[in-house]
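# Architecture and fold: a report
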Amino acid sequence: MDLKVSRFVTSPPFETNTYVLEVLGETLVVDPGEGISRFVNEPAFVLVTHGHCDHISGVPELKVKKLFVSKEDSHMLSDPKANLSADFMDWNVVLDLPFEEIEKFFNVLAVPGHTRGSRFVVFEGVVFTGDTVFADTIGRVDLSGSEEEMERTLEKVRRFFSEIPKDWLVCPGHGEVVTVGELLKKNPFFHE
Ligand SMILES: [Zn+2]
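Attention in this report is confined to the structure presented alongside it. (Residues numbered from 1 in each chain as written. Predicted model: local features only at pLDDT ≥ 70, side-chain atom pairs only at ≥ 80, totals over all residues. Heavy atoms only, no water.)

## Let's talk about the overall build of the chain
Operational definition: Runs of H or I in DSSP of at least four residues are treated as helices and runs of E of at least two as strands, each being numbered from the N terminus. Atoms considered for the radius of gyration are the C-alpha atoms alone. The globule rule reads 2.2 Å times the number of residues to the power 0.38. Any residue under 20% of the maximum accessible area for its type is buried, any over 50% is exposed, and the rest in between are partly exposed; the area is computed with a 1.4 Å probe on protein chains only. Contact between two residues is taken to exist if any of their heavy atoms lie within 4.5 Å; hydrogens are not considered. Under the convention used here, a 1.4 Å probe and the Shrake-Rupley method define accessible areas, while residue burial counts only the protein chains that appear.
In terms of regular secondary structure, the chain is built from 3 helices and 11 strands. Since a compact globule built from 192 residues should have a radius of gyration of about 16 Å, the 15 Å found for the chain is in line with a globular shape. Dimensions of the chain along its principal axes, counting C-alpha atoms only, are 45 × 35 × 30 Å. Per-residue burial over the chain gives 55% buried out of 192 residues. Pairs at least 24 apart in sequence give 51% of the contacts found in the chain among residues at least 6 apart. Carbon and sulfur atoms provide 52% of the accessible area of the chain, an area that totals close to 9,000 Å².

## Some details on the sheet that holds strand S7 (residues 108-110)
Quick reminder of the rule: Any two strands with at least two DSSP bridges between them are considered paired.
Pairing is mixed in the open sheet, where 5 strands are placed in the order S7-S8-S9-S10-S11. Each edge of the sheet is formed by a strand with only one pairing partner; in this case those strands are S7 and strand S11 (178-179).

## Re the pattern of salt bridges
The criterion, for reference: The term salt bridge refers to a pairing of a side-chain nitrogen on Lys or Arg with a carboxyl oxygen on Asp or Glu at a separation within 4 Å.
Inspection of every chain in the model, using the stated rule, returns 9 salt bridges. A salt bridge links Glu103 to Arg119; its shortest N-O distance comes to 2.8 Å. Pair noted here: Glu103 is in the loop between strand S6 (100-101) and S7 and Arg119 is in strand S8 (residues 119-123), with a separation of 16 residues, a long-range link. Given a relative accessible area of 32%, Glu103 falls into the partly exposed group. Residues Glu149 and Arg116 are paired through a salt bridge, measuring 3.1 Å at the closest nitrogen-oxygen approach. With Glu149 in helix H2 (residues 147-163) and Arg116 in the loop between S7 and S8, this pair connects stretches of sequence that are 33 residues apart. Assessed through its relative accessible area of 14%, Glu149 is described here as buried. Residues joined by salt bridges that share partners form a network here, namely Glu72, Glu103 and Arg119.

## Regarding the coordination of the zinc ion
Note the cut-off: Only nitrogen, oxygen and sulfur atoms qualify as donors, and only when within 2.8 Å of the metal (3.2 Å in the case of Na, K and Ca); with water excluded, sites may look incomplete. For four-coordinate sites, all angles between 85 and 135 degrees define a tetrahedron; for four- and six-coordinate sites, opposite donors beyond 155 degrees with the remaining angles between 65 and 115 define square planar and octahedral shapes respectively, and all other cases count as irregular.
Looking at the zinc ion, one finds its protein donor set to be His50 (NE2), His52 (ND1), His114 (NE2) and Asp131 (OD), positioned 2.2 to 2.3 Å from the metal centre. If you look at the zinc ion, its 4 donor atoms make angles of 85 to 168° with each other, and the shape they trace is irregular. Written as a sequence motif, the donor residues of the zinc ion are H-x1-H-x61-H-x16-D. Taken together, the positions of His52 in the loop between strand S4 (44-47) and strand S5 (64-69) and Asp131 in the loop between strand S9 (126-130) and H2 put the pair 79 residues apart, joining distant regions of the chain. Across the pair, exposure class does not vary: His52 and Asp131 are buried alike.

This is the structure in C-alpha cells:
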C-alpha cells in the first residue's frame, strides 16, 4: 500500500501532531487538534490514538465521516474532566458524536499506560504512537494513566519494534517523526 502521510502541528500551545493520510481515495485524520481545519476541508475519517483534549479538540472543525477510538477511551470524548480540557483549556471539549471501536476496523496495538485505552495505529510502513512513545522518550503516566500498565506496555512495544522493519516511520503525538531504527538508537527506553 502506498501511503501519503502529512504532519500538521495543531492545538496550540500543546503542539500536537495531527497526521493526515490519503488511503484508497479517502482522507484519514489521526488525532485532529484545534486548528486542523486550516489544512483539511474534505469529509474525513477520524482516528484517535487516545482521548486527551489536545488530540480531539479539532474534531468539531471537521466533516466527520466516522470516528474511531478505543472503547476504554471513548468516554473521554464527551467528558471534559476526563479529556482534561476542563483543566488545561479555556473551553470544554464535548464531542457529541457516535464512535466505532478502532480495533474492529484498523490494525492497532493496545498500549495502556498514558491512558487506559491508548492505541498504536499501524499501517504498512507507518506507526502512529500517540502519546505513548515519542522519538526520544515515553509519555506521562500521571494524567489518567498507570505506571504498572506502562511497564507492561513497554515490554510489548520493545517486542513490537524489534519485529517490524527498521525503516518504518514512528509518528508520535508530539515532536519529531523518526524511523524505527532511529528510535531504537535515540530513545533510552528502547536501549537493550
Ligand atoms: Zn495525551
